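# Report on the structure
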Amino acid sequence: MANINHHYLKLQAGYLFPEISRRITQFSEANPDAALIRMGIGDVTEPMPAACVEAMQKALAEQGHRETFKGYGPEQGYPWLREKIAEHDYAARGCAIEADEVFISDGSKCDTGNILDILTASSDSSGRGNVIAVQDPVYPVYVDTNVMAGNTGHPDENGEYEGLVYLRASRENGFVAPLPDGPVDVAYLCFPNNPTGSVATRETLKQWVEHARRHNTLLLFDAAYEAFITDPHVPHSIYEIEGAREVAIEFRSFSKNAGFTGTRCAFTIVPRDLMGATPDGTRIDLHRLWLRRQSTKFNGASYIVQRGAEAVYTDEGRQQIAGLIRFYLENARLIREALKEQGLEVYGGVNAPYVWIRAPEGEGSWDFFDRLLNEAHIVGTPGSGFGRSGEGYFRLSAFNSRDNVEEALRRISRMKLAVS
Ligand code: PLP
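Please read these numbers as outputs of a predicted model, since none were measured by experiment.

### Concerning the pattern of salt bridges
Tallying each qualifying case throughout the model produces 27 salt bridges. One salt bridge connects Asp100 with Arg272, and the closest N-O pair in it is separated by 2.7 Å. Placement of the pair is Asp100 in the loop between helix H3 (79-90) and strand S2 (102-105) and Arg272 in the loop between strand S8 (266-269) and strand S9 (275-277), with a sequence separation of 172 residues. Taking relative accessible area as the criterion, Asp100 reaches 31% and is therefore assigned partly exposed. Look at Arg272 and you get partly exposed, because its relative accessible area is 41%. Glu375 is paired through a salt bridge with Arg371; the nearest N and O atoms lie 3.9 Å apart. Linking Glu375 with Arg371, this pair stays in helix H11 (residues 365-376), spanning 4 residues, or about one helical turn.

### Observations concerning the pairing of strand S6 (residues 218-222)
Extensive coverage of S6 is indicated by the burial of 5 of its 5 residues. Neither face of S6 is left uncovered, since the one carrying Leu218, Leu220 and Asp222 and the one carrying Leu219 and Phe221 both have all their residues buried. Sheet analysis places strand S5 (residues 186-190) next to S6, joined by 5 bridges and oriented parallel. Bridge pairing links Leu189 to Phe221 in S6.

### Focus on the domain arrangement of the protein chain
Here the protein chain is partitioned into domain 1 (13-42 + 318-413) and domain 2 (52-313). A straight line from the C-alpha centre of domain 1 to that of domain 2 covers 27 Å. In this complex, domain 1 contributes 25 residues to the contact, which on the side of domain 2 involves 29 residues. Interface area, domain 1 with domain 2, both sides summed: about 2,400 Å², of which 58% is carbon and sulfur. It is Asn351, Phe386 and Arg388 that lose the most area in domain 1 upon contact with domain 2, and together they represent 28% of the buried surface on that side. Linking domain 1 with domain 2 are 2 salt bridges, by the criterion used here. The closest approach of N and O atoms between Glu160 and Arg388, which form a salt bridge, is 3.6 Å. Counting across the domain 1 and domain 2 interface gives 11 residue pairs in polar contact (both at pLDDT 80 or more). Every element with two or more residues in the side of domain 1 that touches domain 2 is listed here: helix H10 (315-341), strand S11 (346-348), strand S12 (354-358) and strand S15 (393-397). It is H10 that contributes the most residues to the side of domain 1 that touches domain 2, 6 residues altogether. Its residues assigned to classes, the side of domain 1 that touches domain 2 comprises 14 nonpolar, 6 polar and 5 charged.

### Re the site of the ligand
Neighbouring the ligand are 14 residues, the closest being Asp222, Tyr225, Ser253, Ser255 and Lys256. The contact in question runs from an oxygen atom of the ligand to an N or O atom on the backbone of Ser108, over 2.8 Å. Ser253 places a side-chain nitrogen or oxygen 2.7 Å from an oxygen atom of the ligand. Taken together, the residues of the shell around the ligand sort by class into 5 nonpolar, 5 polar and 4 charged.

### Overview of the sheet that holds S6
What the 7 strands build is an open sheet, ordered S2-S8-S7-S6-S5-S3-S4; its pairing is mixed. Looking at which strands have only one partner, the edges of the open sheet turn out to be S2 and strand S4 (164-168). Between one strand axis and the next, the sheet turns by 20° as a mean value, whatever way the strands run. Summarising the sheet, strand S3 (residues 132-136) and S5 pair through 2 bridges and their orientation is parallel. Paired with Ala133 across the two strands is Ala187, which belongs to S5.

### Remarks on the packing of aromatic side chains
One pass over the full model with this rule turns up 22 aromatic pairs. Ring geometry for Tyr78 against Tyr303: centres 5.5 Å apart, planes inclined by 75°, an arrangement best described as edge-to-face. Placement of the pair is Tyr78 in the loop between helix H2 (50-62) and H3 and Tyr303 in helix H9 (residues 303-310), with a sequence separation of 225 residues. This pair shows no difference in class: Tyr78 is buried, exactly as Tyr303 is.

### Remarks on the pairing of strand S7 (residues 248-253)
In terms of burial, S7 is a largely internal element, 6 of the 6 residues being buried. Of the two faces of S7, both are covered, the one formed by Ala248, Glu250 and Arg252 as well as the one formed by Ile249, Phe251 and Ser253. Here S6 pairs with S7 via 4 bridges, running parallel. The residue bridging Asp222 from the neighbouring strand is Phe251, located in S7.

Reading the values: rules and limits
- Residues numbered from 1 in each chain as written.
- Predicted model: local features only at pLDDT ≥ 70, side-chain atom pairs only at ≥ 80, totals over all residues.
- Heavy atoms only, no water.
- Salt bridge = Lys/Arg side-chain N within 4 Å of Asp/Glu carboxyl O.
- Helix = DSSP H or I, 4+ residues; strand = E, 2+ residues; numbered from the N terminus.
- Buried < 20%, exposed > 50% of the residue type's maximum accessible area, 1.4 Å probe, protein only.
- Pairing = 2+ DSSP bridges.
- Domains from an automatic or database assignment.
- Contact = heavy atoms within 4.5 Å.
- Buried area = accessible area lost by both parts, 1.4 Å probe.
- Polar contact = N/O pair within 3.5 Å; in protein donor to acceptor, adjacent residues only side chain to side chain.
- Nonpolar A, V, L, I, M, F, W, Y, C, P; charged D, E, K, R; others polar.
- Near = heavy atom within 4 Å.
- Axes fitted to C-alpha atoms, helices over the stretch in contact; angles between N-to-C directions.
- Phe/Tyr/Trp six-rings, centres within 6.5 Å; stacked < 30°, edge-to-face > 60°.

The following block contains the structure:
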């Protein structure tokens, strides 16, 4: 009989989304005529930029002709896309990233999970597992993929896994979690942050890079929401910080800027300067390992999709994306303003598509979820679903049609939310 990866058994049954669905079903059965507005979802709602669609149509047509047909492409992505990314996302911001340090993939979700393939599992017999830090609240993929890889023990009564270092983000630190007290081997950073919408200043990132260089920490920097940065002082890439090439991997995605959530395209930067250690302490560059991993386990993102992603960097593509980002950020602004008017404490939503709301005094995340559902027929995401520090908070997503946002806010304006 096949022996299973028993670490999967430590995973907690997905609690957040099944529980949300259960409460929605219960509510809808009792209120069959209520028109629900879903504001909990992290998926985009607007169509893809026309420039991307046209580029993909053209690429698809090429597949119908012998002269232009493309079969397997390079596993790490076509050079023309890697070069555009290096030029527009990095060189243009003063970051020295070479095209061959850009690895195209079909999503940041898989890359942030797959990266663990090239790091030692804590359960490995060498006894040299990694000490891994995550921010709390956290994008759950970072935690669950570490559980699957055998990097944690069992969860405690709060759902926190033994072996992980949790860095607490709170209103006191502006939802930017502090540096770890001691050395850690790997730290996940996500800015702009899902779920809190917070961003890291240049100073904060400098501190992280210095800390990482001092303690040989590998930073896994997830910048999936980079396109939403509006503050000119906020870095768009960790590589804007000197020395980051030696300590950081960066994940970027076309999902949230250009609507590739269903089409799938992303990229990961693994600089050649980045080193890891073998059990005997020999330094090995991670670029080589990631290239090996990708060319063995991945056969490249689709040619058609990569042509679509390339169009992101055309003048039309850039203008259309700017329009999409403006649209979602205006939704976020409207949500922020309406909730503030209700006397609530509101965070995020300025450099990110997520608005992070403090539930009224005395209410927990789920109490607030129930109240919005029952009184306004609005579905959001309870902050506690992202970790212990999310308790008492609530996430509303700006990914929605303007009509839905306006209707939701009309309903909210009729509620008595804050205790005055
Ligand atoms: N990283 C973060 C922080 C996210 O919130 C998401 C999606 O919601 C992703 C990565 C996934 O990106 P992709 O669609 O490229 O897999």
